[in-house]
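# Summary of structural features
Next come the chains, spelled out residue by residue.
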Amino acid sequence: MKYEMYRATTPIHSFTLPENADSYDEIQIAYKQTAVKKPAVNLVKHYQDNTLPSGMTFDGKTVIITLTQEETKLFSKGNLIVHLRVLTTDSHVWATKKWTISVEESNNEDILE
């Protein structure tokens, strides 16, 4: 399956966990893009200490990430990797498979307000 995201948009990404999301000590979702002759871009949404970062919500077992227009403009046209890791209440860390998202340019990338 191919995943796409356009720059200067507000995509929503959902991740389903085996247990209710708020039952984990930490949840980290990392967006990473490396490109030739460009600096790497890392965007991390990190839940810890019962504090939700901006753009992250829980719905039972589902973690929902909404990126801002500004956040999606950080990435260049090309592929980025998304990876989720969690720390369980009994101090185990596990990770999901990595997903590749194709980043595309929008025809106009002005921020809409």
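Presented here is a report on the structure given in the accompanying data block. (Residues numbered from 1 in each chain as written. Predicted model: local features only at pLDDT ≥ 70, side-chain atom pairs only at ≥ 80, totals over all residues. Heavy atoms only, no water.)

### Some points on the nonpolar core
For clarity, the cut-off: Buried Ala, Val, Leu, Ile, Met, Phe, Trp, Tyr and Cys residues that are joined via side-chain atoms within 4.5 Å together make up what is termed a nonpolar core. Only protein chains enter the accessibility calculation, which uses a 1.4 Å probe. A residue is then buried if its area is under 20% of the maximum for its type, exposed if over 50%, and partly exposed in between. Only DSSP runs of H or I reaching four residues or more are called helices, and only runs of E reaching two or more are called strands; each is numbered from the N terminus. When checking whether two residues touch, look at their non-hydrogen atoms; a contact exists if any pair is within 4.5 Å.
In terms of nonpolar packing, the biggest core is built from 22 residues, with Ile-27, Ile-29, Tyr-31 and Val-63 touching the most fellow members. Where this core is concerned, the elements lending two or more residues are strand S3 (26–35), strand S4 (38–48), strand S6 (62–66), strand S7 (78–87) and strand S9 (99–104). Counting residues per element, this core draws most heavily on S7, which supplies four residues. Ignoring any residue separated from it by four or fewer positions in sequence, one finds Val-63 in contact with His-13, Ser-14, Phe-15, Leu-17, Ala-21, Ile-27, Ile-29, Met-56, Thr-57 and Phe-58.

### Focus on unusual backbone geometry
Of note in the backbone geometry, Ala-8 takes a positive phi value of approximately 65 degrees without being a glycine. Relative to the helices and strands, Ala-8 resides in the loop between strand S1 (3–6) and strand S2 (12–16). Residue classification places Ala-8 among the buried positions, given a relative accessible area of 10%. Phi is positive for Ser-91, close to 65 degrees, though the residue is something other than glycine. Relative to the assigned elements, Ser-91 resides in the loop between S7 and strand S8 (93–95).

### Quick word on the side chain of Ser-102
We apply this condition: Two N or O atoms form a polar contact when they lie within 3.5 Å of each other; inside protein one atom must be a possible hydrogen donor and the other a possible acceptor, and for residues adjacent in sequence the pair counts only when both atoms belong to side chains.
By the secondary structure assignment, Ser-102 is in strand S9. Look at Ser-102 and you get buried, because its relative accessible area is 9%. Within the structure, Ser-102 has its side chain in polar contact with the side chain of Glu-104 (distance 2.9 Å). Non-local contacts of Ser-102, meaning those with residues more than four positions away in its chain, are made with Lys-2, Tyr-3, Glu-4, Met-5, Gly-78 and Asn-79.

### Things to note about the environment of Leu-112
Within the secondary structure, Leu-112 is located in the segment after S9. Here Leu-112 falls in the exposed class, since its relative accessible area comes to 67%. Along the primary structure Leu-112 and Lys-98 are separated by 14 residues, whereas in three dimensions their C-alpha atoms are 31 Å apart.

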